[in-house]
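# Coordinate analysis (summary)
So you can see what is in the structure, the chains are spelled out below.
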Amino acid sequence: MEKTTSKTWWKESVVYQIYPRSFNDSNGDGIGDLQGITQKLDYLKELGIDVIWLSPVYQSPNDDNGYDISDYQSIMSDFGTMEDWEELIDQIHQREMKLIMDLVVNHSSDEHQWFQESKKSVDNPYRDYYYWKPGKDGKEPNNWESVFSGSAWEYDENTEEYYLHLFSRKQPDLNWENPKLREEVYRMMKFWLDKGIDGFRMDVINFISKAPGLPDAPNPHGKKYAPGGEFFMDGPRIHEFLQEMNEKVLSQYDVLTVGEMPGVTVEEAVLYTGEERQEVSMVFQFEHMDLDGGPEGKWDLRPLKLTDLKNSLSKWQTGLDGKGWNSLYLNNHDQPRMVSRFGNDQKYRVESAKMLATMLHMLQGTPYIYQGEELGMTNIKLDSINDYKDIETLNMYREKVVEGHADEQKVMNSIYVKGRDNARTPIQWDDSENAGFTTGTPWLAVNENYQYINAKQAVLDENSIYHYYRELIQLRKQHDIIVYGSYELLLPDDEELYVYTRTLGDEKLLVLLNFTGDEKTFMLPSSISYSKKEVLISNYPVDVDASIEQLGLKPYEARVYKLK
Ligand code: NOJ
């Protein structure tokens, strides 16, 4: 296929994700809020951010922290009011940044008016907004399991049928086969677009088309995702639905759309993001997030092999080059903290956070920074399960420890490594009480390391991770090759160094990354020739004139050369 990478603003942007509950609390109730975000916009502008992705702020009973929406067109009172939201978007636009909102339409809350109607009777006009089925032989309609543990079906006594919920029982799946439901969603999307937003992050959007008849999964256990995944991921009508959404809504606006797509393959992603197909701008793929999980899924811990990470990222880099577009991320509100997972969050916290950032920001695609990543925030260990708030974690603990009698310490260890609350602890703004996040009692514990890991310190220290991110973001704005250059992996079998090049015209970037806590030697392959070299960025002082034919890399060193 011909390479057709057109230049668009969203390819050249850096996105910053805000998880509002944990960002900044302006009114002392212990929960981050919209006014709290507005107060920090200058901080984000200083960092160089182009686009803010705001995780859900809609009305919600908060079973899954806002990913269970009971009214798509109003604001959760914990976060403020619609006026606060309007002030926020206005202030974002005044600073020439953009705002994308979360679109959560695989499911709603069971407290949404649609579901309240739907469950009243089998002939209610809203019945078909959801998936209802009678039981099979006195049991659930099929053997699918919820991503949050247990069956994906819940029995409702009133009408004596089950409804489908791929996530919690308070998150019933919306039925996209119903054109009326689709029209409602499109109307709601226009409501927000007409208020001036600049795009959507679409929650598990590749789950919206389910296989007809909702068949039993042949292997209900031992899948990476909820058993049944092959019948609802990238389902038969998914491309049709996305193209319809694009035609009816998105094509009328100049927007960034990113579809969150667990289980998506490169081949599918070419279809989702191929420009001529008019579906979404880019997808969040999960392959690199799954490399340290075993056959039983994310809680089944496995050490990560660098060659697996390199293989996977390389496959996506070359697979979408000229055919689609990558999103680039190493963490978000569902994943552990990047530096704890892929780096060393103790002795080399600063060096390894910068190294990982270099790896990500030098790849082809749109980089996403998750709040606090720019400070090198780390995972947390809370003593008791009672201190955890995340429904996925709590359900898994109940299923394994309370009901399944698994070894408690082993389960707690898996939570320390993979639990979603690792990423959800309040942002560490300064070294005052509660890290300056709130004057009240924070809804989730603050990480004790806030006394030395915090934004105030980072902004003052010119060698901080924060300033390194600023530099990376500036470089992207100065060098087209960082955005558009083609990728090539060097040293594919090396378990310690990750080395790759980017090429655009007669320019080349050489990206050198040491993934170990030891000094390593790099030998330049003879295939790379150049007459001029320049160091673009590095996380240690570098002798710019030193030869690169053979060079030593310090622990977690990252270095980027521009060659001509
Ligand atoms: C993905 C979201 O990122 C996650 O936080 C949420 O729990 C599920 N989708 C369900 O909405």
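Throughout what follows, the structure given in this document is the object of discussion. The structure displayed is predicted, hence computed values, not measured ones.

### Focus: helix α3 (residues 82-94)
Note: α-helices contain 3.6 residues per turn, so residues at a spacing of three or four share the same orientation. Look at α3: 18 Å from first C-alpha to last across 13 residues, which is about the 18 Å you get at 1.5 Å a residue. Taken together, the buried positions of α3 are Met82, Asp84, Trp85, Leu88, Ile89, Gln91 and Ile92. Glu96, located one to two residues past α3, shows a positive phi value of around 60°.

### Thoughts on the sheet that holds strand β18 (residues 507-514)
Each strand in a sheet pairs with another by means of backbone hydrogen bonds, the pair being arranged parallel or else antiparallel. Spatially, 5 strands are ordered β16-β17-β18-β22-β20 in an open sheet, and the strand pairing comes out antiparallel. The strands lining the two open edges of the sheet, one partner per strand, are β16 (486-490) and β20 (533-538). Looking at each pair of strands side by side, their axes are set apart by 20° on average, direction ignored. Both β18 and strand β22 (residues 558-563) contribute to a ladder of 6 bridges, which runs antiparallel. By the bridge assignment for β22, Val511 is matched with Val560. Each of β20 and β22 is contacted by helix α14 (residues 465-478), which is oriented at about 135° to β20, the strand it contacts most.

### Some remarks on the site of the ligand
Not every one of the 13 residues close to the ligand is listed here, only the nearest: Asp64, His107, Asp203, His333 and Asp334. Contacts to the ligand include Asp203, whose side-chain N or O atom sits 2.7 Å from an oxygen atom. In the model, an oxygen atom of the ligand is placed 2.5 Å from a nitrogen or oxygen of the Asp334 side chain. Contact with the protein chains hides 98% of the accessible area of the ligand, taken as 300 Å² for the molecule alone. In terms of residue class, the shell around the ligand is built from 4 nonpolar, 2 polar and 7 charged.

### Regarding the pattern of salt bridges
Within this structure, the stated rule accounts for 38 salt bridges. Arg21 serves as the salt-bridge partner of Asp78, at 3.4 Å between the closest nitrogen and oxygen. One end of the pair, Asp78, is in the loop between β4 (71-75) and α3; the other, Arg21, is in the loop between β1 (15-18) and α1 (34-39), and 57 residues separate them in sequence. Among the residues examined, Asp78 registers a relative accessible area of 23% and is labelled partly exposed. Ionic pairing is found between Arg420 and Glu392, a salt bridge with its closest N-O pair at 3.5 Å. With Arg420 in the loop between α12 (408-418) and α13 (455-460) and Glu392 in helix α11 (residues 391-403), this residue pair connects regions lying 28 residues apart in the sequence. Among the residues examined, Arg420 registers a relative accessible area of 7% and is labelled buried. You can call Glu392 buried: its relative accessible area is 7%. Linked through salt bridges whose partners overlap, the residues forming this network are Asp64, Lys298, Asp334, Asp390, Glu392, Arg420 and Arg424.

### Notes on the sheet that holds strand β7 (residues 153-156)
Pairing within the open sheet is antiparallel, and its 3 strands lie in the order β6-β8-β7. Pairing within the sheet leaves two strands with one partner each, and these edge strands are β6 (132-133) and β7. Here 2 bridges tie β6 to strand β8 (residues 161-164), and the two strands are oriented antiparallel to one another. From the neighbouring strand, Trp132 faces β8, where its bridge partner is Tyr163.

### Some details on the packing of aromatic side chains
Evaluated as defined, the whole model comprises 31 aromatic pairs. Ring centres of Phe284 and Tyr329 lie 5.3 Å apart, and the angle between their planes is 75°; this geometry places the pair in the edge-to-face category. Here Tyr329 lies in the loop between β14 (327-328) and α9 (338-342) and Phe284 lies in strand β11 (residues 282-284), a separation of 45 residues in the sequence. The burial state of Phe284 is the same as that of Tyr329; both residues are buried. Judged by centre distance (6.2 Å) and plane angle (50°), the ring pair of Trp325 and Tyr484 falls under tilted.

### Considering the side chain of Asn332
Following the sequence through the fold, Asn332 ends up in the loop between β14 and α9. A distance of 2.7 Å separates a polar side-chain atom of Asn332 from the backbone nitrogen of Asp334. In this view, Asn332 contacts Gln17, Tyr370 and Ala423; residues no more than four positions away in its chain are not counted.

So, how was this worked out
Residues numbered from 1 in each chain as written. Predicted model: local features only at pLDDT ≥ 70, side-chain atom pairs only at ≥ 80, totals over all residues. Heavy atoms only, no water. Helix = DSSP H or I, 4+ residues; strand = E, 2+ residues; numbered from the N terminus. Expected span 1.5 Å × (residues − 1). Buried < 20%, exposed > 50% of the residue type's maximum accessible area, 1.4 Å probe, protein only. Pairing = 2+ DSSP bridges. Axes fitted to C-alpha atoms, helices over the stretch in contact; angles between N-to-C directions. Contact = heavy atoms within 4.5 Å. Near = heavy atom within 4 Å. Polar contact = N/O pair within 3.5 Å; in protein donor to acceptor, adjacent residues only side chain to side chain. Areas by Shrake-Rupley, 256 points an atom, 1.4 Å probe, with all protein chains shown as cover. Nonpolar A, V, L, I, M, F, W, Y, C, P; charged D, E, K, R; others polar. Salt bridge = Lys/Arg side-chain N within 4 Å of Asp/Glu carboxyl O. Phe/Tyr/Trp six-rings, centres within 6.5 Å; stacked < 30°, edge-to-face > 60°.

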